[in-house]
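Descriptive analysis of the structure
The primary structure of each chain is shown beneath.
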Amino acid sequence: MNTAVVLFTRDLRVHDHPALAAACANASHVVPLYVLDPSLADISPTRSRFLHQSLADLRAALRDRGADLVVRTGDPVAETIKMALSVNAEGIGLSADVSHYARRREERLTDECERHRIALKLFPGLTIVDPGAVTPGGGGSSYRVFSPYHRAWLASKWRDEVATPGRITLPPDIPAGPLPAIPGGESPDAVNGGETEGRRRLSAWQRHIDGYADAHNDMAADETSRFSPYLRWGCLSPLEVAKVCEGHEAFIRQLCWRDFYYQVALAFPHLSTRAYRSSGDLTWRDDASALSHWQDGLTGVPIVDAGMRQLQAEGWMHNRARLITAAFLTKHLGIDWRHGVQWFFRRLLDGDVPNNSGNWQWVAGTGNDTRPYRRFNPIRQAQRFDPDGVYVRRYVPELKAVEGGAVHMPWKLPQKLDYPGPLESHRDEAVWLRP
Ligand code: FAD
């Protein structure tokens, strides 16, 4: 093949990138293309910042290899076809994705490629095991329950990692196009994006991973990998992460949860808006005031507020805090999980449809939890996973003076603090002592 276009989407790396590796192996000229889609621009300022940093880093990596990241703005399908026609490309390569938006984009690109007689090839790379590759025996296109999926996933054959291209040759006379200035974002303490930063973290993680099985629920210790934004944007290959971390079962199991929700989302494209298990969808309460207290981290329940403020500050939240805050919204305040999906989706650096909506539905009891009526008592959770209150004091400065685990009990906090009392429905101490 003379010329191929590789359309980057949320696979912003050069290592273990099957579509890029195949194009470089099969074509003498390759156009690495990214199309800024204005329809996605305002969804999350914090994620936009991470995206633009990652694009700048990808551009640098491609320039090191003799090419560039060619950037265009507009409808990704129209711009990709326009580029392919302008360089006489015989083929276009793209990492397959599962969200409703991504699949619609793939379908439209397929139609346009057929019309113009350009070969379109979809590649793996966003997950470890392709969504849909592991299916339950006895019918069904996807697993609804995690444990059997986990067993099948572990037993399945994983693809081999692909080589990183050494040199990439652009066709002549292609203007690379400017990358817009990096936006500010809404979270002052958000981490920086990019494959370089992701790989630095992957190598540093080797010093911590031994402690993961014991410490990953310790909210104050903060001993999780924080890879999620880098996996979300494909700055890290999930397969490479799994191979580097081989043998650390507790950690690999979490990576499997990620794959699990991708195959759920593939089979159930409306995961963000419709209950997966419709019988679990309750009549939710309409309470705009409680919702905004929750969003702002002002519920008066310290562990909930700490989680929500970590989200505001960092664009990321500890998994245990996500469980507690999500359960508080849905099971204590009785507010519809879709409000939580939307708020997290705007704020999270790692916010994506399969993991965000899949986890929200799990917590709300409308999703893949085998015990949908499970209740999380936030105070008991706090006492168990932040026994000394270190996590709470880190994110709720009004409570800095309250010592030890006493910080978790709203009904015991001194009245004179500049910190709200619990919401109306949660004033009674007895509410907290229920299982
Ligand atoms: P680690 O504990 O170091 O785990 C390694 C990797 O495994 C993570 O980076 C992630 O890719 C994967 N992983 C871990 N836990 C889960 C899980 N429960 N489900 C799926 N994958 C998991 N994760 C997202 O990537 N995007 C989201 O939008 C998202 N929204 C969530 C919403 C709610 C309500 C809840 C309860 C969880 C959500 N999660 C989401 C899952 C999980 O909280 C994060 O993946 C994890 O906290 C990321 O931190 P880490 O990278 O340090 O994880």
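The structure reproduced in this document is the subject of the present report. (Residues numbered from 1 in each chain as written. Predicted model: local features only at pLDDT ≥ 70, side-chain atom pairs only at ≥ 80, totals over all residues. Heavy atoms only, no water.)

A word on the site of the ligand
Near the ligand, the surroundings consist of 28 residues, among which Y212, T224, S225, R226 and N319 are the closest. At 2.6 Å, a side-chain N or O of S225 approaches an oxygen atom of the ligand. S228 is positioned such that a nitrogen or oxygen atom in its backbone is 3.0 Å from an oxygen atom of the ligand. Burial of the ligand by the protein chains amounts to 97% of its free accessible area of 810 Å². Of the residues belonging to the shell around the ligand, the class tally is 14 nonpolar, 9 polar and 5 charged. Each of domain 2 (127-158 + 196-267) and domain 3 (278-412) contributes no fewer than three residues to the shell around the ligand. (Near = heavy atom within 4 Å. Polar contact = N/O pair within 3.5 Å; in protein donor to acceptor, adjacent residues only side chain to side chain. Areas by Shrake-Rupley, 256 points an atom, 1.4 Å probe, with all protein chains shown as cover. Nonpolar A, V, L, I, M, F, W, Y, C, P; charged D, E, K, R; others polar. Domains from an automatic or database assignment.)

Here's the deal with the pattern of salt bridges
Evaluated as defined, the whole model comprises 22 salt bridges. Of the charged contacts, one joins R200 and E197 as a salt bridge, the two residues approaching to 2.8 Å between their closest N and O atoms. Taken together, the positions of R200 and E197, both in helix α6 (residues 195-205) and 3 residues apart, correspond to about one turn of that helix. A salt bridge links D281 to R338; its shortest N-O distance comes to 2.7 Å. Taken together, the residues D281 in the loop between α10 (249-267) and α11 (288-296) and R338 in helix α14 (residues 337-347) connect sequence positions 57 residues apart. For D281, a relative accessible area of 26% puts it in the partly exposed group. The structure contains a network of salt bridges with shared partners spanning R10, D97 and D352. (Salt bridge = Lys/Arg side-chain N within 4 Å of Asp/Glu carboxyl O. Helix = DSSP H or I, 4+ residues; strand = E, 2+ residues; numbered from the N terminus. Buried < 20%, exposed > 50% of the residue type's maximum accessible area, 1.4 Å probe, protein only.)

Topic: the packing of α10 against helix α15 (residues 353-364)
The interhelical angle for the contact between α10 and α15, taken along N-to-C directions, is 90°, at an axis separation of 9 Å. Judged on the interaxial angle alone, α15 and α10 are roughly perpendicular. Listed contacts from α15 to W257, R258, Y261, Y262 and A265 of α10 are P354, N355, G358, N359 and W362. When grouped by side-chain class, the residues that make up the contact of α10 with α15 number 6 nonpolar, 3 polar and 1 charged. (Axes fitted to C-alpha atoms, helices over the stretch in contact; angles between N-to-C directions. Parallel < 35°, antiparallel > 145°, perpendicular 65-115°, else oblique. Contact = heavy atoms within 4.5 Å.)

So, the packing of helix α12 (residues 302-314) against α14
Interhelical geometry of α12 versus α14 gives an angle of 35° and a closest axis separation of 9 Å. Packed against α12, whose contacting residues are M308, L311 and Q312, the element α14 presents W343, F344 and R347 at the interface. When grouped by side-chain class, the residues that make up the contact of α12 with α14 number 4 nonpolar, 1 polar and 1 charged.

Observations regarding the environment of L266
Note that L266 resides in helix α10. The class of L266 is partly exposed, set by a relative accessible area of 29%. Between the alpha carbons of L266 and H408 there is a distance of 40 Å; along the sequence they are 142 residues apart. In this view, L266 contacts V98, R103, P131 and G132; residues no more than four positions away in its chain are not counted.

A look at the environment of A220
Turning to its location among the elements, A220 is positioned in the loop between α7 (212-215) and α8 (228-232). For A220, a relative accessible area of 19% translates into the label buried. Along the primary structure A220 and G91 are separated by 129 residues, whereas in three dimensions their C-alpha atoms are 50 Å apart.

Limitation: the analysis is restricted to geometry and does not speak to function.
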